[in-house]
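# What the coordinates show
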Amino acid sequence: MVSWHSRALMTTETAGRANIVDFVETSNFVQHYWLHLLGLATVCLQLVAGGHALLNKRDPRSAIGWVGLIWLTPLVGATLYFLLGINRIRRRARSLRGPMARGQRRSKSPTSTVDRLFKATSGHGAHLDPLVRLVGEVTGQPLVIGNRVTPLEHGSRAYPEMLAAIRDAQKSIVLATYIFNNDITGREFAAALGQAVERGVEVRVLVDAIGARYSLPTIFSLLPKLKVRSARFLPTYVPVFAPYFNLRNHRKILVVDGHVGFTGGMNIRRCGKQGEESDDELNDLHFKLEGPIASHLAQVFADDWEFATGESLDGESWFPMIEPVGEALARGIVDGPDENRGKLRLSILGAISCAESRIRILTPYFLPDQALITALGVARMRGVEVDIILPAQNNLALVQWACTAQLWQVLEHGCRVWYSAPPFDHTKLMIVDDCWTLLGSGNWDQRSLRLNFEFNVECYDAALATQLEQLAAKKLATARQVTLTEVDSRALPVRLRDGIARLFSPYL
């Protein structure tokens, strides 16, 4: 008689032999049909990749190119698409931001209606009514009345104005910047901020994590000692000199007591001061904004600060009632990879399409996409004068090469391109028909229009536009015009070099 223990042992041995047989049979099946399985997996991968490209690529040429690569180079094409073809920038930015709703803090000052535009521009801006509506629809922000906008050329004028505002602060100071160097200028700002803290002023400073490391030791070695509350935007361990990394906070914002703001192209660094001897000396332009528009700057900072630190800024200290102080109509344009659509790009396209007589563009980096290039060409063919003022010598060689490679596309339609005299010009400005101005941190490249967090301001003010036209004319007086013949006559090795650099323009 067989015991229960023996029966259990026999059952276990039988099951083990069955498992071994199953494993061997499975191995034999895989060995005989592995090519078929690999082919099936490759087809499934290509179907997924091709379907994703068809559903998500807006440009048909891009979709055709990726679908062709995916199916003509099995496995390799699909792998390349998943590595390089999917735009993860916007998705990552949105996931980092989370469910935060931007711009919940609204100005407590009256906003404009379209007919107020006529009064503010002395009748010059009637044809820009569609632009007023477009930017309002794109941004969701009101166009606010009663502002005064003052251009500040070079650090020699901008920095003293900013420091004076900080020293006069009574309640609050917020400062966001891409670069905040620990040099003579940075330490002067840090000292003024520290003194404000001692007076009982609420101070918050936000610096991009990459921009903060343009000087070592960083300014964060000093700010905590002065009891200045500060934070880094998206801390990262990438190398110090990394001008091409994504998701950077490129905004330049200073708001004092909620009603005086500064924005434009200037970082906080010694090279911004004209007259000092420095290898990095440059021309730049900043703006002082007084009136209700200051609340738009404060809103942007409050959102970025809450994202970086979790602290919510609200109340009268940060968002007071602001009385009108001037005649300019203005509106903040917040843009970044976390936004649903390219607000800055759409605003620029709208301004180009509404222009009737003249467009002036000043930018250090000119790498627009095909839609912007086409819009400029169409404007010129409509009879609009288009002048694009670029630095003769760029501080980023790859950008200058890529820019040169595509200049022919605007030159062939009659747009005029000028190289401004040294030193390097970091000015960011657009003027349309002597009555509309776009100012702020954004450049005419994909980094600003797609990859970075930017802040710009549109202004309807004929007096301001005229003043800035004079500034542009002063630059043109010493600038050299670039011709299509000059661009086409570059040596073949140079043209090849520039053409290769242009391939990387979406990431420069």
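The rules we used
Every chain begins its residue count from 1, and numbering advances along the sequence as written. Local features in this predicted model are restricted to residues of pLDDT 70 or higher, and side-chain atom pairs are both shown and tallied only at a pLDDT of 80 or more, whereas totals for entire chains, interfaces and linings draw on every residue. Neither water nor hydrogens contribute to the side-chain values; these are computed over all heavy atoms in the structure. Numbered from the N terminus, helices here are DSSP runs of H or I no shorter than four residues, and strands are runs of E no shorter than two. Only protein chains enter the accessibility calculation, which uses a 1.4 Å probe; a residue is then buried when its area is under 20% of its type maximum, exposed when over 50%, and partly exposed in between. Pairs of residues are marked as contacts when any of their non-hydrogen atoms sit within 4.5 Å. The accessible surface values rely on the Shrake-Rupley method and a 1.4 Å probe; as for residues, cover is taken only from the protein chains in view. We define a salt bridge as a side-chain nitrogen of Lys or Arg found within 4 Å of a carboxyl oxygen belonging to Asp or Glu. By nonpolar core we mean a set of buried residues, namely Ala, Val, Leu, Ile, Met, Phe, Trp, Tyr and Cys, connected to one another through side-chain atoms within 4.5 Å. Here the aromatic set is Phe, Tyr and Trp, taking the six-membered ring for Trp, and pairing holds for ring centres within 6.5 Å; pairs whose planes are under 30 degrees apart are stacked, those over 60 apart are edge-to-face, and all others are tilted. The criterion for a charge sitting over a ring is simple: Lys NZ or Arg CZ within 6 Å of the ring centre, and within 35 degrees of the ring normal. To count toward a patch, a residue needs a relative accessible area over 30% and no salt bridge; like charges are then connected within 9 Å, while nonpolar side chains (Val, Leu, Ile, Met, Phe, Trp, Tyr) are connected within 5 Å. Criterion used throughout: strands pair if DSSP finds at least two bridges between them. Every crossover in which the path from the first strand over the helix to the second runs clockwise, viewed with the strands pointing away from the viewer, is termed right-handed. Helix axes use the C-alpha atoms of the stretch in contact, all axes being lines fitted to C-alpha atoms, and the angles between their N-to-C directions lie in the range 0 to 180 degrees. What sets the label is the angle itself: under 35 degrees gives roughly parallel, over 145 gives roughly antiparallel, 65 to 115 gives roughly perpendicular, and the rest give oblique. Any residue that is not Ala, Val, Leu, Ile, Met, Phe, Trp, Tyr, Cys, Pro, Asp, Glu, Lys or Arg is counted as polar, Gly included; the first ten are nonpolar and the last four charged.

Turning our attention to the overall build of the protein. Across its full length, the protein holds 17 helices and 17 strands. Relative to its full complement of 508 residues, the protein shows a buried share of 53%. Expressed as a percentage of contacts within the protein between residues at least 6 apart in sequence, the contacts between residues at least 24 apart total 81%. Carbon together with sulfur atoms contributes 59% to the accessible area of the protein, which is approximately 23,200 Å² in total.

Turning to the pattern of salt bridges, a few remarks are in order. Applying the stated criterion to the full structure yields 21 salt bridges. For Glu-311, the salt bridge goes to Arg-229, with nearest N and O atoms at 3.3 Å. Of this pair, Glu-311 sits in the loop between α9 (293-309) and β9 (328-335) while Arg-229 sits in strand β4 (residues 229-233); the two residues are 82 residues apart in sequence, bridging distant segments of the chain. Arg-229 gets classed as partly exposed once you look at its relative accessible area, which sits at 43%. Between Arg-497 and Asp-498 there is a salt bridge; the shortest N-O distance is 3.0 Å. What makes Arg-497 partly exposed here is its relative accessible area of 33%.

In this structure, Glu-356 sits in the loop between α10 (343-354) and β10 (358-362). Sequence separation of Glu-356 and Arg-382 is 26 residues, and the distance between their C-alpha atoms is 8.2 Å. Excluding residues within four positions of it along the chain, Glu-356 makes contact with His-127, Val-384 and Asp-433.

Ranked by size, the top nonpolar core spans 52 residues in total, and within it Ile-352, Ile-359, Leu-376 and Met-430 carry the most contacts. What Leu-376 contacts, discounting residues up to four positions off in sequence, is Ile-352, Ile-361, Phe-366, Val-386, Ile-388, Val-410, Cys-415 and Trp-444.

Considering all chains together, one arrives at seven aromatic pairs under this definition. For the pair Tyr-365 and Phe-424, a centre-to-centre distance of 6.3 Å together with 40 degrees between the ring planes defines the contact as tilted. Of this pair, Tyr-365 sits in the loop between β10 and α11 (370-381) while Phe-424 is found in strand β13 (residues 424-425), placing the two residues 59 residues apart along the sequence. As far as burial versus exposure is concerned, Tyr-365 and Phe-424 are alike and both buried. What links up through ring pairs into an aromatic cluster is the set Phe-233, Phe-307 and Phe-453. Across the ring face of Phe-220, the terminal group of Arg-232 is positioned such that the distance to the ring centre comes to 4.1 Å.

Attention now moves to a nonpolar patch on the surface. Among the surface-exposed residues, Val-43, Leu-47 and Trp-71 lie close enough to one another that they form a single nonpolar patch of about 280 Å² accessible area. Within the secondary structure, Leu-47 sits in helix α1 (residues 4-56).

Time to look at the pairing of β10. Counted residue by residue, β10 has four buried out of five residues, so it is predominantly covered. One ladder, built from five bridges, connects β10 with strand β11 (residues 385-391); its direction is parallel. Considered in β11, the bridge of Arg-360 is made with Asp-387. Crossover handedness for the path β10 to α11 to β11: right-handed. Alignment of β10 against strand β14 (residues 429-432), held across four bridges, turns out to be antiparallel. Bridging across to β14, Ile-359 finds its partner in Val-432.

So, about unusual backbone geometry. Of note, the amide linkage connecting Leu-216 to Pro-217 takes the cis form, showing an omega dihedral of -5 degrees. Its place among the elements puts Pro-217 in the loop between β3 (202-208) and β4. Following Pro-422, the chain continues into Pro-423 via a peptide bond in cis, with omega recorded as 5 degrees. Its location among the elements puts Pro-423 in the loop between β12 (416-420) and β13. Here the phi dihedral of Lys-227 falls at roughly 60 degrees; this positive angle occurs in a residue that is not glycine. Turning to its location among the elements, Lys-227 is positioned in the loop between β3 and β4. Given the relative accessible area of 67%, Lys-227 is considered exposed. For Asp-257, which is not a glycine, the phi torsion comes out positive at approximately 55 degrees.

So, on to the packing of helix α6 (residues 129-139) against α10. Between α6 and α10, whose axes approach to 10 Å, the crossing angle comes to 170 degrees. Considered as vectors, α6 and α10 are oriented roughly antiparallel to each other. Contacts between α6 and α10 pair Pro-130, Leu-131, Leu-134, Val-135, Val-138 and Thr-139 from the former with Lys-343, Leu-346, Ser-347, Gly-350, Ala-351 and Cys-354 from the latter. Per-class residue counts for the contact of α6 with α10 are eight nonpolar, three polar and one charged.

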